[in-house]
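What follows is the residue order along each chain.
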Amino acid sequence: GFKVQGGTPEGAKKLIEDAKALEDAGVFSIVVECVPTVVAKALSEAVRVPILGIGAGPYVDCQVLVTQDLLGMYGDFKPKFVKHFANVRKAMVDGLNMFHEETLSGAFPTEEFSFNKKVEIPSLD
């Protein structure tokens, strides 16, 4: 469901006009997602505030990716603009399954992972 923004001449013009209006309104930055590289570059040149891009090419002031996406936590789900810098999904799922199994079986938590301070509890009568 990722739709390119500013992919037509009219759409690009509207994004640039909107960015200028946002800057005039006092924003400190603008985030754009799924914007053609040439449009993102034109946005960066049209305003003085930083342009943060997610899937907007190299000519923005800051690159943004969702942590879960760049670490490959969702398996095969990968938008066009996402690069997997790691693949932690298997280790994450294995760890969660181990935690689940040990809590169900009573193997976790052990005394080592508990607060063992002796506390004398007064009578509640």
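For the structure itself, look to the data block above.
All residue numbers here refer to positions counted from 1 along the written sequence of the relevant chain. Totals for whole chains, interfaces and linings use every residue, but because this is a predicted model, local features are given only for residues with pLDDT of at least 70 and side-chain atom pairs only at 80 or more, for both listing and counting. Values reported for side chains reflect all heavy atoms of the structure, with hydrogen atoms and water molecules removed beforehand.

A. Region of the structure containing helix 1 (residues 9–25). Elements are defined by DSSP. Helices are runs of H or I of four residues or more, strands are runs of E of two residues or more, and each kind is numbered from the N terminus. Each helix should span, by expectation, one fewer than its residue count multiplied by 1.5 Å. Its 17 residues give helix 1 an end-to-end C-alpha distance of 24 Å, which sits within 8% of 24 Å, the value for a rise of 1.5 Å per residue. For the exposure calls, accessible area comes from a 1.4 Å probe over protein chains only, and a residue counts as buried if that area is under 20% of its type's maximum, exposed if over 50%, partly exposed in between. Every buried residue belonging to helix 1 is among A12, I16, A19 and E23, and all of these are buried. Along the long axis of helix 1, the arc covered by the buried residues comes to 60°, so they all point the same way. Among the exposed residues of helix 1, those oriented more than 90 degrees off its buried face are E10, K13, D24 and A25. The contact criterion used is simple: two residues touch if any of their non-hydrogen atoms lie within 4.5 Å. For helix 1, the secondary structure elements touched by its buried residues are strand 1 (30–33) and helix 2 (37–46). Two residues or fewer after helix 1 comes G26, characterised by a positive phi angle close to 105°. The arc under discussion is defined with respect to the helix axis, by the directions toward the C-beta atoms.

B. Expanded view of the pairing of strand 2 (residues 51–54). Alternating positions in strand 2 separate into two faces, I51 and G53 on one and L52 and I54 on the other, with burial throughout. Pairing between two strands is assigned when DSSP locates at least 2 bridges connecting them. As defined by bridge partners, strand 1 adjoins strand 2 across four bridges and the pair is classed as parallel. Paired with I30 across the bridge in strand 2 is I51. Assignment of crossover handedness uses the view with strands pointing away from the viewer, where a clockwise path from the first strand over the helix to the second indicates a right-handed crossover. In terms of handedness, the path from strand 1 via helix 2 over to strand 2 forms a crossover that is right-handed.

C. Looking closely at the pattern of salt bridges. The term salt bridge refers to a side-chain nitrogen of Lys or Arg lying within 4 Å of a carboxyl oxygen of Asp or Glu. Per the counting criterion, the structure on display carries three salt bridges. Note that E17 and K13 form a salt bridge whose closest N and O atoms lie 3.9 Å from each other. Of this pair, E17 and K13 both sit in helix 1, four residues apart, which is roughly one turn of the helix. Residue classification places E17 among the partly exposed residues on the basis of a relative accessible area of 41%. For K13, a relative accessible area of 52% corresponds to the exposed category.

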